[in-house]
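Structural features, examined
As a plain string of letters, each chain reads:
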Amino acid sequence: MAFSNDEVLAGLAELITDETGIDASEVALEKSFTDDLDIDSISMMTIVVNAEEKFGVTIPDDEVKNLKTVGDAVSFIVAGQE
Amino acid sequence: MRRLVIGAEKLSDVVDPTDRSISFLLGDGAGAVVVGPSDFPGISGTVWGSDGSKADAVGMNHTLTEFRDGKAPWPTLRQEGPTVFRWAVWEMAKVAKQALEQAGVEASDLAAFIPHQANMRIVDEFAKQLKLPETTVIARDIETTGNTSAASIPLATHRLLQEHPELSGGLALQIGFGAGLVFGAQVVVLP
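Rules of the game
Residues numbered from 1 in each chain as written. Chains lettered and ligands numbered in written order. Predicted model: local features only at pLDDT ≥ 70, side-chain atom pairs only at ≥ 80, totals over all residues. Helix = DSSP H or I, 4+ residues; strand = E, 2+ residues; numbered from the N terminus. Rg over C-alpha atoms; globule rule 2.2 N^0.38 Å. Buried ≥ 20, exposed ≤ 12 C-beta atoms within 10 Å, placed from the backbone. UniProt positions renumbered as here; feature names shortened; annotations may be inferred. Contact = placed C-beta atoms within 7 Å. Arc of directions from axis to C-beta. Core = buried A, V, L, I, M, F, W, Y, C linked by C-beta atoms within 7 Å. Nonpolar A, V, L, I, M, F, W, Y, C, P; charged D, E, K, R; others polar. Pairing = 2+ DSSP bridges. Right-handed = clockwise from strand over helix to strand, strands pointing away.

1. What to know about the overall build of chain A
Within chain A, the regular secondary structure consists of four helices and zero strands. Its C-alpha atoms give chain A a radius of gyration of 11 Å, within 12% of the compact-globule value 12 Å for 82 residues. For chain A, the spread of C-alpha atoms along the principal axes amounts to about 30 × 25 × 20 Å. The buried share among the 82 residues of chain A stands at 24%.

2. A few points about the UniProt feature "domain: Carrier" (unreviewed entry) in chain A
Cross-referencing UniProt, the feature "domain: Carrier" (unreviewed entry) maps to residues 3-81 of chain A in the present numbering. Taken end to end, residues 3-81 of chain A is 58% helix and 0% strand, and its first and last C-alpha atoms sit 8 Å apart.

3. A word on the UniProt feature "modified residue: O-(pantetheine 4'-phosphoryl)serine" (unreviewed entry) in chain A
Those places that UniProt annotates as "modified residue: O-(pantetheine 4'-phosphoryl)serine" (unreviewed entry) correspond, in this numbering, to A:Ser41. Non-local contacts of A:Ser41, meaning those with residues more than four positions away in its chain, are made with B:Gly81 and B:Pro82.

4. So, helix 4 (residues 70-80) of chain A
Residues and elements named next belong to chain A. Of the residues making up helix 4, those classed as buried are Val70, Ala73, Val74 and Ile77. Projected onto a plane normal to the axis of helix 4, the buried residues spread over an arc of 100° and lie on a single side. Taken together, the buried residues of helix 4 touch helix 1 (5-20) and helix 2 (41-55).

5. A look at the nonpolar core
Among the nonpolar cores identified, the biggest contains 58 residues, and A:Leu12, B:Ala88, B:Ala99, B:Ile114 and B:Leu173 are the most heavily contacted of them. The dominant element in this core, judged by the number of residues it contributes, is helix 2 (residues 81-103) of chain B, at 10 residues. For B:Leu173, the residues in contact, after removing those within four places along its chain, are B:Ala96, B:Ala99, B:Leu100, B:Leu110, B:Phe113, B:Ile114, B:Ala185 and B:Val187.

6. Quick notes on the interface of chain A and chain B
Each partner contributes to the interface: chain A provides eight residues, whereas chain B provides eight residues. For the side of chain A that touches chain B, the element with the most residues is helix 2 of chain A, which contributes six residues. Split by residue class, the side of chain A that touches chain B holds five nonpolar, two polar and one charged.

7. Points about the sheet that holds strand 7 (residues 137-138) of chain B
In space, the five strands of this open sheet follow the order 3-9-8-6-7 (chain B), with mixed pairing throughout. Each of the sheet's edge strands pairs with one partner strand only, and the pair in question is strand 3 (47-50) and strand 7 of chain B.

8. Some details on helix 3 (residues 120-130) of chain B
Restricting attention to buried positions, one finds in helix 3 of chain B the residues B:Ile122, B:Val123, B:Glu125, B:Phe126 and B:Leu130. Contact partners of the buried residues in helix 3 of chain B: helix 2 of chain A together with helix 2, strand 6 (112-115), strand 7 and helix 4 (142-145) of chain B. Backbone geometry just downstream of helix 3 of chain B places B:Lys131 in the positive-phi region, at approximately 50°.

9. Observations concerning unusual backbone geometry
Across the junction of B:Gly180 and B:Leu181, the peptide omega takes the value -10°, indicating a cis bond. Along the polypeptide, B:Leu181 turns up in the loop between strand 8 (171-178) and strand 9 (182-189). Positive phi outside glycine occurs at A:Asp38, with the angle close to 60°. Looking at where A:Asp38 falls in the secondary structure, it is placed in the loop between helix 1 and helix 2. Unusually for a residue other than glycine, B:Lys131 sits at a positive phi of about 50°. Turning to its location among the elements, B:Lys131 is positioned in the loop between helix 3 and strand 7. Among the residues examined, B:Lys131 registers 9 C-beta atoms within 10 Å and is labelled exposed.

10. Some words on the environment of B:Ala55
All names here are of chain B. Here Ala55 is to be found in the loop between strand 3 and strand 4 (58-60). Owing to 13 C-beta atoms within 10 Å, Ala55 belongs among the partly exposed residues under this scheme. C-alpha of Ala55 to C-alpha of Gly180: the two residues are 125 residues apart in sequence and 4.9 Å apart in space.

11. A closer look at the pairing of strand 6 of chain B
Every regular strand shows the same layout, with side chains that alternate between the two sheet faces. All names here are of chain B. Here strand 6 shows two buried faces, one formed by Ala112 and Ile114 and the other by Phe113 and Pro115. Two elements, strand 6 and strand 7, share two bridges in a ladder whose sense is parallel. Counterpart to Ala112 in the pairing with strand 7 is Val137. After leaving strand 6, the chain enters helix 3 and then returns to the sheet as strand 7, a path that is right-handed. Looking at chain direction, strand 6 and strand 8 are connected through four bridges and run parallel. What sits directly across from Pro115, in strand 8, is Ile175.

Printed below as a string of structure tokens:
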């Protein structure tokens, strides 16, 4: 099943909250994972693996460093479903 | 016939102190065990293998011959941390489960879990993936010893038994992994 942009954002926010405790309301498209949300590379990888399972997409290791903002991740996940 | 098995590392010789991604994780150490005959199986079959597709994830940044010939500085150890983390947790969790299956034990039978002390975040997430009960003592020797590579499991096992002597005779899942990427897992009866 394909998730919409909003559904992916909400789902991703939930995964971020589970991993880091950051409130879902902080997770906005323009936010940078490292600079704004203070998510380190290890937490990022845990979120990525959980997102793969949740959304049924594949996010290769060398793609992860290109996902600088929440919006980058949402776009990649949505595109990965098509 | 007894055998002495030794794991020893002097990683400080190959650490770049300016590399923030790895330098403070590593340590020097050595540990050894004596393996000998027993009236009961004290070491299960080993599940081991390698994933050559990730050969570049951990390794030296130059060769000794390049250094010898003046083409590169002294080689140091480097790694792709996030790649190693993902593989060490999610792929090694599968290997750990295979080792338990091979030994015919459940996670709930384990008195202790002794993973290679690569990184506390790996140990924590790994334990979570295995759904270990609270009764299983998890080795966290890395906290004060650092990642001593081949020495990490014997050092962690030794400390675990020093701090929890009541675990002697109990089952422990040991799992090692590292550059290659290679891995090996087994269930043992703690001495």
